[in-house]
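Remarks on the overall topology
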Amino acid sequence: VSFDADYFKVIYPAEIPESCKPAANGITPGKTFEIALFIPIFIEENKELNKDLNQNFDATDFQFLSASDTTVEREVNEKMLAEFYKNSENFLQFYEGVILAIDNMQRQGMKIKVKVYDTRQNSKIVERYIYSEKFLETDLIIGPVYDKIQNNVAAIAAKNRIPMVSPLASGSDIIANNPYYYQINPTR
């Protein structure tokens with residue numbers, strides 16, 4: 001068997017085409033991207049549920065992201081939580097995945113600032129954030145994870161041309177009418 005190296009050469013250009021460079025796509029080099037993450041992690045409920053386990057438990061234990069780098073701000077005791085409120089453990093694991101993805105993007109040179117909103121699966125909490133003037137500075141919205149809470153966020157996202165990622169919902173009618181809505185979990 002002979003091997004023809006020329007046959008397997010990659011046919012990509014040596015340089016990145018101008019149309020694919022960040023500045024050509026409206027992305028300003030050096031810009032810090034503002035990401036809003038809406039996730040039901042029930043910080044206060046988990047704190048109350050596990051208050052006897054760790055007297056030093058603090059809601060800041062869940063604030064792992066900083067604007068310039070992805071860091072753990074303090075070492076978290078392995079036995080910090082004996083049990084989790086509702087299904088918040090699954091969402092904390094999802095949050096860990098978001099941290100890993102952001103860390104990867106930061107290692108590639110992107111500047112990212114993430115604001116994590118504990119939605120507690122409550123639309124009133126979400127509305128308090130999305131109707132603020134500061135929220136319009138958001139470059140990307142991840143979540144909320146439940147369909148019934150997504151409608152208002154999707155409307156704000158569409159009106160202000162903010163991309164919105166629905167990470168877990170699978171059957172939404174929003175996708176048909178909103179070009180800024182991205183559904184990650186496909187329909188059945």
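Residues numbered from 1 in each chain as written. Predicted model: local features only at pLDDT ≥ 70, side-chain atom pairs only at ≥ 80, totals over all residues. Heavy atoms only, no water.

1. What about the overall build of the protein?
Of the regular secondary structure elements, the protein holds 5 helices and 5 strands. Its helices and strands in sequence order give the protein the pattern β-α-α-β-α-β-α-β-α-β, from N to C terminus. Counting all 188 residues of the protein, 35% fall into the buried class. Of all intrachain contacts in the protein linking residues separated by at least 6 positions in sequence, the fraction that spans at least 24 positions is 59%. Summed over all atoms, the accessible surface of the protein reaches about 12500 Å², with 51% contributed by carbon and sulfur. (Helix = DSSP H or I, 4+ residues; strand = E, 2+ residues; numbered from the N terminus. Buried < 20%, exposed > 50% of the residue type's maximum accessible area, 1.4 Å probe, protein only. Contact = heavy atoms within 4.5 Å. Areas by Shrake-Rupley, 256 points an atom, 1.4 Å probe, with all protein chains shown as cover.)

2. A word on helix α4 (residues 147-159)
Helix length check: α4, at 13 residues, gives a terminal C-alpha distance of 19 Å against a target of 18 Å (1.5 Å per residue), a fit within 8%. The largest bend along α4 reaches roughly 30° and is located at Val 153. On its buried face, α4 is in contact with α3 (123-130), β3 (140-142), β4 (164-166), α5 (174-177) and β5 (181-183). Just downstream of α4 lies Arg 161, where phi reads positive at about 55°. (Expected span 1.5 Å × (residues − 1). Bend = angle between axes of the 7 residues up to and from the residue.)

3. A few points about the packing of aromatic side chains
Counted according to the given criterion, the structure contains 5 aromatic pairs. An angle of 20° between the planes, with centres 4.8 Å apart, marks the rings of Phe 38 and Tyr 117 as stacked. Of the two residues, Phe 38 is situated in strand β1 (residues 32-39) and Tyr 117 in strand β2 (residues 111-118); the sequence distance between them amounts to 79 residues. Exposure remark for Phe 38: the relative accessible area of 1% places this residue in the buried category. Site record: aromatic cluster; members linked through ring pairs are Phe 38, Tyr 117, Tyr 129 and Phe 135. (Phe/Tyr/Trp six-rings, centres within 6.5 Å; stacked < 30°, edge-to-face > 60°.)

4. What about the sheet that holds β1?
The sheet built from 5 strands is open, its strands ordered β2-β1-β3-β4-β5 with parallel pairing. Both edges of this open sheet fall to β2 and β5, since each of them pairs with a single strand only. Strand after strand, the sheet turns through a mean of 20° between neighbouring axes, direction not considered. Seen against the sheet, helix α2 (residues 88-107) touches β1, β2 and β3 and runs at an angle of roughly 170° to β1. (Pairing = 2+ DSSP bridges. Axes fitted to C-alpha atoms, helices over the stretch in contact; angles between N-to-C directions.)

5. Section: unusual backbone geometry
Cis geometry is adopted by the peptide bond preceding Pro 144, which originates at Gly 143 and carries an omega value of -5°. Counting through the fold element by element, Pro 144 comes out in the loop between β3 and α4. Within the chain, Lys 86 stands out as a residue other than glycine whose phi angle is a positive 45°. With respect to the element layout, Lys 86 can be found in the loop between α1 (43-49) and α2. Despite not being glycine, Arg 161 shows a phi value in the positive range, around 55°. Looking at where Arg 161 falls in the secondary structure, it is placed in the loop between α4 and β4.

6. Side note on the side chain of Asn 178
Within the secondary structure, Asn 178 sits in the loop between α5 and β5. Excluding its chain neighbours within four sequence positions, the residues that come into contact with Asn 178 are Ala 154 and Ala 158.

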